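Understanding the architecture of this molecule
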Amino acid sequence: MVAGAAGQRLGREFRWLWAAYAVSVCGTRLAFDALPLIAVLVLDVGPAEVSALAATGLAVGAAVAVPLGPWVEFRRKRPVMIGTDLLRAGALLTVPVAYALDLLSFPQLLLVSVVVAAADITFGAASGAFLKSLVPPEHLLAANGRFEATNWTATMLGPPLGGAAIGLLGPVVTLVTDAVSYLLSATALRAIGDTERSAERLAERPSTRPAHPGEAPAEGAPADGTPPEPAAPRLRARDLLDGWRYILTSPALRPLFLNTILVNGLIMATAPLLLVLMVGELGFTPWQYGLAFALPCVGGLIGSRLARRLVARHGQHRVLLATGALRACWPVGLAFIHPGVTGLVLVMAVELGLITCMGVFNPVMATYRLDETPPDRVARTLSAWSVTSKLTIAALTALWGLLAAVTDPRTAVAAAGALMLATPLLLPHHRPERPAPKDDTAELKG
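Residues numbered from 1 in each chain as written. Predicted model: local features only at pLDDT ≥ 70, side-chain atom pairs only at ≥ 80, totals over all residues. Heavy atoms only, no water.

**Let's talk about the overall build of the chain**
Scanning the chain from N- to C-terminus turns up 17 helices and zero strands. Here the chain holds 446 residues, and the buried ones make up 49% of them. Contacts in the chain between residues at least 24 apart in sequence constitute 86% of all its contacts with a sequence separation of at least 6. Surface summary for the chain: the accessible area is close to 20200 Å², and the carbon and sulfur share equals 68%. (Helix = DSSP H or I, 4+ residues; strand = E, 2+ residues; numbered from the N terminus. Buried < 20%, exposed > 50% of the residue type's maximum accessible area, 1.4 Å probe, protein only. Contact = heavy atoms within 4.5 Å. Areas by Shrake-Rupley, 256 points an atom, 1.4 Å probe, with all protein chains shown as cover.)

In structure tokens:
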């Protein structure tokens, strides 16, 4: 009854958006590590090429996405989301086609990973802005909680099912499924209808104008000051940094940005090291390794369901601080992994604690971030956030790989866990008062 009532409050348009997210995230989790697996199973590449595939997709894809945040800001978000869904589907489908024709190559996998990474960032920036325009502020946490629960459900079920599908049907089947999921997502987004306010109407507010103070109106702009069509603003070098400029000058967002970027980077940097440690050195089987990280995802479901209740009882900022600090306490326990059943239980317990805290923290953080970002800056802010996250993950993954090579995987995992313990210092311990309307963040563009 509660879920049904919440669904009615969020509205039909949100349910289609949620359906689009659900089908695409399920396809992505089914195809977890599909490109590296294809590289190994079909092209017989080594560890260096697999690492290069992962790092290149993140780094180059993020670099390509840098100018897309400002570009997306002044476009209708739903067509951008549909376009990126179709782009990802098309890029992924080239792999099974090339495989069937015996033309698959490693450079093609690199190119596909770059295209998908750039499209992921662009979609995320557009969808965050679209969500804020679609859902009333008081229901944003409920909406983000649904996304979080869906993500952890797909993460829990997708990789094991995807692995089984590869074993039964071949190496490219999950990639085809992922591509189809993006096509279904685009179909669901089309079903929302054109409810989004146009970029022209958004731009009627002074803070949304793309011009910098003192800059002449764009050529062809109407004499009454109404901004031109969304495609008219020309991107300048300084426009590319707008998202970062806003984040780093915001007392509310800057500490949260630094915290989440570092925490996510350290978690992802240790993922390949844990694979080497558990499977390569401690003798765990692949299914045990998969179970150790899939089963604790139930904590994400629990956390995402608790988020609204905890915020209602303790307040958004207090929950953000508490769960942000608690999630940093768990990873250091992974340094004590040992062989056998008790070692497997240790990994599951650590991951369950970490993921449960993240299940609460992530939707609260996403809501806090949207609350603190003006509607006309959401796409640029989310794009800058995502680009930085992916670049940081790529850099830390490479750095921790070198550390593990110099020492050993356990030492590198322990170092990451110890560093994580300091990350709560970067959380926004005091929520600054929001500026008055006359001091809108449009002044930051000057």
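**Remarks on unusual backbone geometry**
Positive phi is not limited to glycine here, since D102 has a value of about 60 degrees. Its place among the elements puts D102 in the loop between α5 (77-100) and α6 (106-134).

**Quick notes on the environment of G300**
With respect to the element layout, G300 can be found in helix α13 (residues 298-314). Judged by its relative accessible area of 0%, G300 falls in the buried class. Note: C-alpha distance between G300 and V360 (60 residues apart in sequence) is 7.6 Å. Apart from the residues within four sequence positions on either side, G300 is in contact with W152, I355, T356 and G359.

**Concerning the confidence of the model for the chain**
Mean pLDDT over the chain: 82, with 83% of residues reaching 70 or higher. Ignoring residues within four places in sequence, the model shows residues 1-5, a span with pLDDT below 50, making two contacts including any to other chains. This stretch, residues 435-446, has a pLDDT under 50; its non-local contacts, to residues over four places away or in other chains, come to 22 contacts. (pLDDT = per-residue confidence, 0-100.)

**Some remarks on the pattern of salt bridges**
Pairing between side chains becomes possible if they bear opposite charge and their charged atoms approach one another. Counting across every chain of the model gives six salt bridges. One salt bridge in this structure joins D242 and R245, with 2.5 Å as the shortest N-O distance. With a gap of three residues between them, D242 and R245 both fall in helix α10 (residues 242-248), about one helical turn apart. Between D242 and R380 there is a salt bridge, with the nearest N and O atoms lying 2.7 Å from each other. In this pair, D242 sits in helix α10 while R380 sits in helix α16 (residues 378-406), placing the two residues 138 residues apart along the sequence. (Salt bridge = Lys/Arg side-chain N within 4 Å of Asp/Glu carboxyl O.)

**Looking at the environment of R327**
In this fold, R327 is placed in the loop between α14 (316-326) and α15 (341-371). Residues R327 and P424, spaced 97 residues apart in sequence, show a C-alpha to C-alpha distance of 9.1 Å. Filtering out sequence-adjacent residues up to four positions away, R327 remains in contact with N259, T260, V263, L354, C357, M358, F361 and M420. Side-chain polar atoms of R327 contact the backbone oxygen of G324, separated by 2.9 Å. (Polar contact = N/O pair within 3.5 Å; in protein donor to acceptor, adjacent residues only side chain to side chain.)

**Details of the nonpolar core**
Side chains that are nonpolar tend, in soluble globular proteins, to be buried together. By size, the foremost hydrophobic cluster in this structure holds 27 residues, and its most contacted members are F14, L17, M81, L131, V135 and L189. Elements represented by at least two residues in this core include exactly α1 (2-30), α5, α6, α7 (140-169), α8 (173-192) and α16. Counting residues per element, this core draws most heavily on α6, at seven residues. Those residues in contact with L131, other than ones at most four positions away along the chain, are F14, L17, L140, A143, N144, F147 and L370. One finds A62, L256, M365 and Y368 within the second-largest nonpolar core, a separate group that totals 25 residues. (Core = buried A, V, L, I, M, F, W, Y, C linked by side-chain atoms within 4.5 Å.)

**Here we look at α15**
Given a rise of 1.5 Å per residue, 31 residues ought to cover 45 Å, and the 45 Å separating the end C-alpha atoms of α15 matches this to within 8%. Extensive coverage of α15 is indicated by the burial of 23 of its 31 residues. (Expected span 1.5 Å × (residues − 1).)

**Points about the side chain of T270**
Relative to the helices and strands, T270 resides in helix α11 (residues 253-281). Setting aside chain neighbours within four positions, we find T270 in contact with W400, V413 and A416.

**Quick look at the environment of H139**
Its location among the elements puts H139 in the loop between α6 and α7. Judged by its relative accessible area of 17%, H139 falls in the buried class. Taking the C-alpha atoms as reference, H139 lies 9.4 Å from T367; in sequence the two are 228 residues apart.

**Overview of α14**
When we look at burial in α14, the residues that qualify are Q316, H317, V319, L320, T323 and G324. Looking straight down α14, one finds that the buried residues subtend no more than 160 degrees of arc, so they occupy a single side. Among the structural elements, α11, α13 and α15 are those in contact with the buried residues of α14. (Arc of directions from axis to C-beta.)

**Regarding the packing of α5 against α8**
It is the contact of α5 with α8, at a shortest axis distance of 8 Å, that shows an interaxial angle of 160 degrees. As summarised for this structure, α5 and α8 are arranged roughly antiparallel, according to the angle between their axes. α8 is crossed by α5, and the crossing has left-handed handedness. Of the residues in α8, those in contact with R78, M81, I82, D85, L86, R88, A89, L92, L93, V95 and P96 of α5 are L175, V176, D178, A179, Y182, L183, S185, A186, L189, R190 and I192. (Axes fitted to C-alpha atoms, helices over the stretch in contact; angles between N-to-C directions. Parallel < 35°, antiparallel > 145°, perpendicular 65-115°, else oblique. Left-handed = near helix turned anticlockwise from the far one by under 90°.)

**Overview of a nonpolar patch on the surface**
On the surface, L86, L93, V176, V180, L183 and L184 cluster together to form a nonpolar patch covering roughly 440 Å² of accessible area. Those elements that provide at least two residues to the nonpolar patch are α5 and α8. When you line up the elements, L86 lands in helix α5. With a relative accessible area of 44%, L86 lands in the partly exposed category. (Patch = residues over 30% accessible without salt bridge, like charges linked within 9 Å, V, L, I, M, F, W, Y side chains within 5 Å.)

**Overview of the packing of aromatic side chains**
For the coordinates displayed, the defined rule picks out four aromatic pairs. Here the aromatic rings of F257 and W385 are separated by 5.1 Å at their centres, their planes lie at 80 degrees, and the arrangement is edge-to-face. You can see F257 sitting in helix α11 and its partner W385 sitting in helix α16, a full 128 residues away along the chain. Grouping aromatic residues by their ring pairs yields a cluster made of F14, W18, Y21 and F147. Over the face of the ring belonging to F361 we find R327, whose NZ or CZ atom lies 3.9 Å from the ring centre. In this structure, R369 packs its charged tip against the face of W385, placed 4.7 Å from the ring centre. (Phe/Tyr/Trp six-rings, centres within 6.5 Å; stacked < 30°, edge-to-face > 60°. Lys NZ or Arg CZ within 6 Å of the ring centre and 35° of its normal.)

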